[in-house]
Number of protein chains: 2
Amino acid sequence: MMPRLAHYLPVLEWGRAYGSTALMNDLVAAGIVTIMLIPQSLAYAMLAGLPPEVGLYASILPILAYALFGTSRSLAVGPVAVISLMTLTAASSVASPGSAEFVAAALVLALLSGLFLLLMGVLKLGFLANLLSHPVVSGFITASGIIIATSQLKAIFGISASGEAMPELVETLIANLGQTNPATLIIGVLSTAFLFWVRKGLKPLLIKAGLQPRPADLMAKAGPIAAVAAATLAVVLLDLEERGVAIVGDIPQSLPPLTMPLFDAGLWQQLAIPALLLSIIGFVESVSVAQTLAAKKRQRIDPDQELIGLGAANVAASFSGGYPVTGGFARSVVNFDAGAETPAAGAFTAVGIAIAALFLTPLLYSLPIATLAATIIVAVLSLVDLRTPLTIWRYSRADFAAMATTIVVTLLMGVEPGVIAGVGLSLALYLWRSSRPHAAIVGRVPETGHFRNVKRHKVITDPRILTIRVDESLTYLNARWLEEFVLEAVADHPDVKHLVLMSSAVNSIDASALESLEAINHRLCDAGIKLHLSEVKGPVMDRLERSFFLEELTGQVFLSQDEAFAALLLAGEDMPPQREDVWLARGLI
Amino acid sequence: MMPRLAHYLPVLEWGRAYGSTALMNDLVAAGIVTIMLIPQSLAYAMLAGLPPEVGLYASILPILAYALFGTSRSLAVGPVAVISLMTLTAASSVASPGSAEFVAAALVLALLSGLFLLLMGVLKLGFLANLLSHPVVSGFITASGIIIATSQLKAIFGISASGEAMPELVETLIANLGQTNPATLIIGVLSTAFLFWVRKGLKPLLIKAGLQPRPADLMAKAGPIAAVAAATLAVVLLDLEERGVAIVGDIPQSLPPLTMPLFDAGLWQQLAIPALLLSIIGFVESVSVAQTLAAKKRQRIDPDQELIGLGAANVAASFSGGYPVTGGFARSVVNFDAGAETPAAGAFTAVGIAIAALFLTPLLYSLPIATLAATIIVAVLSLVDLRTPLTIWRYSRADFAAMATTIVVTLLMGVEPGVIAGVGLSLALYLWRSSRPHAAIVGRVPETGHFRNVKRHKVITDPRILTIRVDESLTYLNARWLEEFVLEAVADHPDVKHLVLMSSAVNSIDASALESLEAINHRLCDAGIKLHLSEVKGPVMDRLERSFFLEELTGQVFLSQDEAFAALLLAGEDMPPQREDVWLARGLI
């Protein structure tokens, strides 16, 4: 019993060995992540079209839930940019941003994606995340980054704009450009410039000033909090609220409320697909960060248990006034670099955010939204990756096609169509390739027992004997291709009396392929041709013996291709060798 | 130009060599198929919820279109049972059977499925039909046969019943059983019994009477027309219409009308998915019949051109008052056995049906619908195959699961959910298996250069060197698995300094797998482990050279695994051999 429980509750394992060194390290990491997370959680909640406090709430109980159930020791769970954009898109389809229904829809999204993740975890369905190929994920993140950055320009200019994809966004931005608020624009541009400089220029400066690279890096990561403080101060001192600068305003001073997601079948149905996409995208991103960080310390994570950890975090979000969360890339790296040793660092972060929610929210009253937008822009532009499309173009045209499709469809039509198009195209290309495996007509290399492609080597063949080698397992995807390939080959060789299927690369034969083999056997029989097999692997042979195929087979099963060729060459057309003879000759019966 | 045109218009090829022998044979076959098709076309149209004449119209122009564009010399195109059921289900979702809107929906279905088929043919997308594995198609046909036979019981009893799946059908049948019409029931039961006897008992009797087996078989196939004649006569002579026996009634005496499918975006959208399913199911069934018959004469069919032939037939149906058609199994076999030599036999059948539509419809006025239902029941029960599930169960549990799911979902929920569930489950199982290929940690067999699985053989290993052999191409589906497998293996072997990926079975590496290899390389590097490759195939190496991977690789690429093991054993931990040294040693530089 115990090992099973510890498997589902990893905290039982690392918790037992928890000591004071780990405690210190975790506390330091939690402090740094908390400072980073306060502005981010507000900003991402507003990106998702939600009140800022929802971001704080999504950073308390969900982190605790992950700390109990997750397997990564460094992953920092909470609101992230891409998932926030997907939440905005999905919830916008059922309610308008800012409304109470919209907040309720975000809770349902969190609950549904949590349930999907838990279900996939319990049923070990994590492999479904494989459907998101690297080019698709990379293209999707890049396109999402561009959409998010563009959408935040509205806050920088102090105007309104809307739309889930670029055409509408750009159109509404341009249409409203005349209403730009100068004070807002100044704050927005200064914040953005400062944050870019912090990212690129501060660290070298700090190192020059004598700091070690690691603390310098961590201090640079805390830049946003300085921008937030300076901008808030500027608003208060210069009374910029009077000049029309939009500010965060009142945030309730409280711990997360207990919320109950709506149990409305219609709403659940409308949000099911978006929640599924959102949970899979979140899982893929989170697992890849967690794996990268775990490997640095030769630790492991368990992807199926990660599904449960992230699922629990999202369910927790749905019952505590939050919205969908996952493991974030930037914060996790900071957490790791700051020395986090166990998931307890996450728990301490949750406590830090809870304290902020209780006591610090009045300080955020005058924080300009333009500064939050600037932190988002700077964060997401680092996600935009224009080098990968080029390297993928050089490496594989098919992969490039999947990536380009994902980027273009996401930019033009939005996040959900983008993911679906990318996954669909990748899968179609994969199935297309799987449906026509490599196969060759082979002949014997002179004076050897080797058989090679007749197109590439000078080999010995016989007009009465045709040998086909298939370099792939036989499945339902290529079964029909096999029928066509064999029948065409036979039609091209009118003198053939014996067809040998050389099966050295066939690791399995499914029921559809077996049916095709039976059809080939019957059709060849009708045409007066015997079908033989050679070099059938042990497990494949075991399985064939559970079918009627071997009884119906007009020809024989030869242990080696060499043997097959020799026996069929010797055999007169009227006197085919008996199957038993061959086995007898090998001393097998 | 000429060969291209002949490719798309196969009639140009066989038409040139057409002679009087072929003409005679085709005329005889056409005569027999026409006799068989008259009652069938009426019956299937009524099964589809359409007026009987629609069945005749669907058997004229569509057959001519297929004769021009199709590649099979024996395929008999026209209304078939399963497609009629799918038409009923799809059109019922937008209109009620019997209404003018319903007939219009059937035309749109024919047009859409025709366009899908043409599109797949032009884009060479026939491989999409591979998604329908044999167990799914077989299960679907069996379940459809049960549903169709059950639905026809209403006509046998002279009561009403409705429903697209078994629960509703059975419920409404039982509820209305009290309204059974005795005269109808007598006709229905007698017709069914007679047709079963014709199918099983007539042929032996005819042979006993001195007929050759083939003509005896063909005469037995004409049994339905005898039943139709006898039942019609009975209705007229006994004045059964007075007793409430439902009859076919007035059928307009005319050639097919010119119809224009509705161009209504909303309707098209609602019918698009059903039309797609219907066209793929029809294509799969038709191609398998055509291939079986072609192979008997060592002829070929071209599946992509078949898509165009069937597409043209369905478009023709939509413009001539018909409904979706495809190649039928039973009629095609009769056509073949009766000696049809070219698609001209189809054209003559079309003429035969046109004559029937013009002159014979008054004779069908008193034909009882119960007799048509009997012909359907007898025809579809031969589609119900209860032996295949057993053989598939013995052969493969995964395939059985796909088949059982298809049967159960089709019976309980209807044809569309059934196909979708079967295809979805097959694909999920396939992707699941593809996502975890076979791999092994290998060691050297003593005193040889062979490397084998450490779990199965006594082999030599070294704690500093870990060799993993993956028995599959590296794709996005198994890329994440590869990362996990390698990292777990490394975590299990704490002394490892060198990891070798033995790539003898790797036929390709896609961009996602390349990304995973890069991630593995970096993570191993962080953990102080070098990554090496061995036995990389030529084309894979060519492609890797177009990426940055080989530059970043911490270890080397060895030509053989034997060489890799020897070099890494010799190399001290501090003095790894240079890559150039190895190539130099092989005399390559």
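Structure first, text after, so check above.
Residues numbered from 1 in each chain as written. Chains lettered and ligands numbered in written order. Predicted model: local features only at pLDDT ≥ 70, side-chain atom pairs only at ≥ 80, totals over all residues. Heavy atoms only, no water.

A.B. asks: Honestly, the overall build of chain A in this entry has me stumped. Any pointers?
C.D. replies: When helices and strands are counted, chain A shows 26 helices and eight strands. Here the C-alpha radius of gyration of chain A, 31 Å, is well above what a compact globule of 589 residues would show, namely 25 Å. Each of the three principal axes of chain A carries a C-alpha extent, and together these read 105 × 60 × 55 Å. For chain A, the proportion of its 589 residues judged to be buried stands at 56%. A fraction of 79% describes how many contacts in chain A between residues 6 or more apart in sequence connect residues 24 or more apart. Working note: accessible area of chain A is about 24,400 Å², and carbon and sulfur atoms make up 64% of it. If you average the places of the 38 positive and of the 46 negative side-chain charges in chain A, the two averages end up 10 Å apart. (Helix = DSSP H or I, 4+ residues; strand = E, 2+ residues; numbered from the N terminus. Rg over C-alpha atoms; globule rule 2.2 N^0.38 Å. Buried < 20%, exposed > 50% of the residue type's maximum accessible area, 1.4 Å probe, protein only. Contact = heavy atoms within 4.5 Å. Areas by Shrake-Rupley, 256 points an atom, 1.4 Å probe, with all protein chains shown as cover. Lys, Arg positive; Asp, Glu negative; His and termini not counted. Charge placed at Lys NZ, Arg CZ, Asp CG, Glu CD.)

A.B. asks: Any chance you could explain the relation of the copies chain A and chain B here in plain terms?
C.D. replies: The relation between the two chain copies is a rotation about an axis coupled with a shift along that axis. Of the transformation placing chain A onto chain B, the axial shift is 0.1 Å and the rotation is 180 degrees, giving an RMSD of 0.1 Å. Both copies are brought into coincidence by an operation consistent with a two-fold rotation axis. (Least-squares fit on C-alpha atoms with pLDDT ≥ 70 in both.)

A.B. asks: Hey, could you run me through the pattern of salt bridges in this one?
C.D. replies: Where charged atoms of side chains with opposite charge meet at close range, the side chains can pair. Residues and elements named next belong to chain A. As enumerated under the stated definition, the model contains eight salt bridges over all chains in all. Ionic pairing is found between Asp 562 and Arg 444, a salt bridge with its closest N-O pair at 2.9 Å. One end of the pair, Asp 562, is in helix H25 (residues 561-570); the other, Arg 444, is in strand S3 (residues 439-444), and 118 residues separate them in sequence. Taking the relative accessible area as the measure of exposure, Asp 562 reaches 28% and is therefore partly exposed. For Asp 462, the salt bridge identified is with Arg 464, shortest N-O distance 3.2 Å. Using a relative accessible area of 15% as the deciding quantity, one classes Asp 462 as buried. (Salt bridge = Lys/Arg side-chain N within 4 Å of Asp/Glu carboxyl O.)

A.B. asks: Explain the pairing of strand S5 (residues 465-470) of chain B here, please?
C.D. replies: The two faces of a sheet get side chains in turn, since along a regular strand they alternate between them. All names here are of chain B. A large share of S5 lies buried, amounting to six of its six residues. Summarising the sheet, strand S3 (residues 439-444) and S5 pair through four bridges and their orientation is antiparallel. Residue pairing in the sheet places Ala 439 in a bridge with Val 470 of S5. Where S5 meets strand S6 (residues 498-502), five bridges bridge the pair, whose relative direction is parallel. Pairing of Ile 465 across the sheet is with His 498, part of S6. Regarding the hand of the β-α-β motif, the stretch spanning S5, helix H21 (residues 479-492) and S6 is right-handed. (Pairing = 2+ DSSP bridges. Right-handed = clockwise from strand over helix to strand, strands pointing away.)

A.B. asks: Just to check I follow, could you spell out the pairing of strand S7 (residues 530-534) of chain B for this structure?
C.D. replies: Residue and element names in this part refer to chain B. Most of S7 sits inside the fold, with four of its five residues counted as buried. In terms of strand pairing, S6 meets S7 through five bridges, oriented parallel. Residue pairing for S7: Val 500 is matched across the bridge by His 532. Handedness of the crossover joining S6 and S7 through helix H22 (residues 511-526) is recorded here as right-handed.

A.B. asks: Would you mind showing me how to read unusual backbone geometry here?
C.D. replies: Backbone geometry follows two general trends: most residues other than glycine have a negative phi, and most peptide bonds adopt the trans configuration. The backbone phi angle of Lys 124 of chain A is positive, close to 55 degrees, even though this residue is not glycine. For Lys 124 of chain A, the position within the fold is in the loop between helix H7 (100-122) and helix H8 (134-157).

A.B. asks: Help me understand helix H5 (residues 61-69) of chain B in this model?
C.D. replies: Within an α-helix, residues lying three or four positions from one another point in the same direction, as the helix has 3.6 residues per turn. Burial in H5 of chain B covers these residues: Pro 62, Ile 63, Ala 65, Tyr 66 and Ala 67 of chain B. Against the buried residues of H5 of chain B lie helix H2 (11-16), helix H3 (20-47), helix H4 (52-57), strand S1 (76-78), helix H14 (303-318) and helix H16 (344-360) of chain B.

A.B. asks: Could you clarify how one ought to interpret the sheet that holds S3 of chain B in this entry?
C.D. replies: The strands that make up a sheet are held in pairs by hydrogen bonds between backbone atoms, and each pair lies either parallel or antiparallel. Residue and element names in this part refer to chain B. Across the sheet, which stays open at both edges, the six strands sit in the order S4-S3-S5-S6-S7-S8 with mixed pairing between neighbours. Looking at strand neighbours, the two that pair on one side only are strand S4 (451-453) and strand S8 (557-558), the edges of this open sheet. Across the sheet, H21 touches S3, S5 and S6, and the angle it forms with S5 is around 155 degrees. The sheet contacts of helix H25 (residues 561-570) involve S3, S4, S5, S6, S7 and S8, and relative to S6 the element is tilted by about 175 degrees. (Axes fitted to C-alpha atoms, helices over the stretch in contact; angles between N-to-C directions.)

A.B. asks: What exactly am I supposed to notice about the sheet that holds strand S7 (residues 530-534) of chain A here?
C.D. replies: Residues and elements named next belong to chain A. A sheet is described by the order of its strands in space; here six strands give the open sequence S4-S3-S5-S6-S7-S8, paired in mixed fashion. Each of the sheet's edge strands pairs with one partner strand only, and the pair in question is strand S4 (451-453) and strand S8 (557-558). Most of the contacts of helix H21 (residues 479-492) go to strand S5 (residues 465-470), to which it runs at about 155 degrees, and overall it touches S3, S5 and strand S6 (498-502). Here H25 sits on the sheet and contacts S3, S4, S5, S6, S7 and S8; the angle it forms with S6, its principal contact strand, is near 175 degrees.

A.B. asks: Teacher, can you tell me more about the interface of chain A and chain B here?
C.D. replies: When the parts of a complex come together, some accessible area is lost, and that lost area is often used as the size of the interface. Chain A puts 65 residues into the contact, and the matching count from chain B is 65 residues. Summed over both sides, the interface between chain A and chain B buries roughly 5,900 Å², with carbon and sulfur atoms accounting for 53% of that surface. Counting across the chain A and chain B interface gives zero salt bridges. Put simply, the parts of the chain that give the side of chain A that touches chain B at least two residues each are H8, helix H13 (265-296), helix H18 (388-395), helix H20 (415-435), H21, helix H22 (511-526) and helix H23 (538-544) of chain A. Counted by class, the side of chain A that touches chain B contains 29 nonpolar, 16 polar and 20 charged residues. (Buried area = accessible area lost by both parts, 1.4 Å probe. Nonpolar A, V, L, I, M, F, W, Y, C, P; charged D, E, K, R; others polar.)

A.B. asks: What's the story with the environment of Leu 153 of chain A in this structure? I'm lost.
C.D. replies: Examined against the element boundaries, Leu 153 of chain A turns out to sit in helix H8. Separated by 14 residues in the primary sequence, Leu 153 of chain A and Pro 167 of chain A place their C-alpha atoms 14 Å from one another.

A.B. asks: Would you explain the packing of aromatic side chains in this entry?
C.D. replies: The geometry of two aromatic rings is summed up by the distance between their centres and the angle between their planes. The final tally for this structure, using the stated rule, is twelve aromatic pairs over all chains. Here the aromatic rings of Tyr 430 of chain A and Tyr 476 of chain B are separated by 6.0 Å at their centres, their planes lie at 90 degrees, and the arrangement is edge-to-face. Note that Tyr 430 of chain A is positioned in helix H20 and Tyr 476 of chain B in the loop between S5 and H21, a pairing that runs across two chains. Using a relative accessible area of 6% as the deciding quantity, one classes Tyr 476 of chain B as buried. Each ring, one from Phe 451 of chain B and one from Phe 565 of chain B, has its centre 5.5 Å from the other, and the planes form 80 degrees; the classification is edge-to-face. In this pair, Phe 451 of chain B sits in strand S4 while Phe 565 of chain B sits in helix H25, placing the two residues 114 residues apart along the sequence. With respect to burial, Phe 451 of chain B and Phe 565 of chain B carry one shared label: buried. It is Arg 394 of chain A that lies over the ring of Phe 548 of chain B; its NZ or CZ is 5.0 Å from the centre. In this structure, Arg 543 of chain A packs its charged tip against the face of Tyr 395 of chain B, placed 5.6 Å from the ring centre. (Phe/Tyr/Trp six-rings, centres within 6.5 Å; stacked < 30°, edge-to-face > 60°. Lys NZ or Arg CZ within 6 Å of the ring centre and 35° of its normal.)

A.B. asks: Please clarify how the packing of helix H19 (residues 397-413) of chain B against helix H20 (residues 415-434) of chain B should be interpreted in this entry.
C.D. replies: Describing two packed helices takes the angle between their axes plus the distance from one axis to the other. All names here are of chain B. It is at 7 Å that the axes of H19 and H20 come closest, and there the two elements cross at 160 degrees. The pairing of H19 with H20 is recorded here as roughly antiparallel in orientation. Crossing geometry of H19 relative to H20 is assigned as right-handed. Taking contact as the criterion, the partners of Ala 398, Ala 401, Ala 402, Thr 405, Thr 406, Val 409, Thr 410 and Met 413 in H19 are, on H20, Val 415, Pro 417, Gly 418, Val 419, Ala 421, Gly 422, Leu 425, Ser 426, Leu 429 and Arg 433. Counted by class, the contact of H19 with H20 contains eleven nonpolar, six polar and one charged residues. (Parallel < 35°, antiparallel > 145°, perpendicular 65-115°, else oblique. Left-handed = near helix turned anticlockwise from the far one by under 90°.)

A.B. asks: Which parts of the structure should I look at to understand a nonpolar patch on the surface?
C.D. replies: There is a patch of nonpolar side chains on the surface, built from Val 351, Ile 355, Phe 359, Leu 360 and Leu 363 of chain A and spanning about 490 Å² of accessible area. Looking at where Leu 363 of chain A falls in the secondary structure, it is placed in the loop between helix H16 (344-360) and helix H17 (369-381). (Patch = residues over 30% accessible without salt bridge, like charges linked within 9 Å, V, L, I, M, F, W, Y side chains within 5 Å.)

A.B. asks: Sorry if this is basic, but what is going on with the environment of Asp 337 of chain B here?
C.D. replies: All names here are of chain B. Structurally, the position occupied by Asp 337 is in helix H15 (residues 329-337). It is 59 Å that separates the C-alpha atoms of Asp 337 and Val 486, two residues lying 149 residues apart in sequence. Residues within four places of Asp 337 in sequence aside, it is in contact with Arg 214, Asp 217 and Leu 218.

A.B. asks: Mind showing me how you'd approach the environment of Arg 543 of chain A here?
C.D. replies: Looking at the secondary structure, you find Arg 543 of chain A in helix H23. With residues near it in sequence (within four places) discarded, Arg 543 of chain A still touches Ile 509 of chain A together with Tyr 395 and Ser 396 of chain B.

A.B. asks: Help me understand the nonpolar core, please; the structure alone is not making it clear to me.
C.D. replies: Nonpolar side chains tend to gather and get buried jointly when the protein is soluble and globular. The biggest cluster of nonpolar side chains holds 265 residues, and the ones touching the most others in it are Leu 499, Ile 509 and Leu 544 of chain A together with Leu 499, Ile 509 and Leu 544 of chain B. Apart from residues no more than four positions distant in its own chain, Ile 509 of chain B is found in contact with Tyr 395 of chain A together with Leu 474, Leu 514, Leu 517, Val 540, Arg 543 and Leu 544 of chain B. (Core = buried A, V, L, I, M, F, W, Y, C linked by side-chain atoms within 4.5 Å.)

A.B. asks: How should I be thinking about a positive patch on the surface in this particular structure?
C.D. replies: A surface patch of positive charge is lined by Arg 394, Arg 397 and Arg 433 of chain A together with Arg 543 and Arg 546 of chain B. Position of Arg 394 of chain A relative to the elements: it lies in helix H18.

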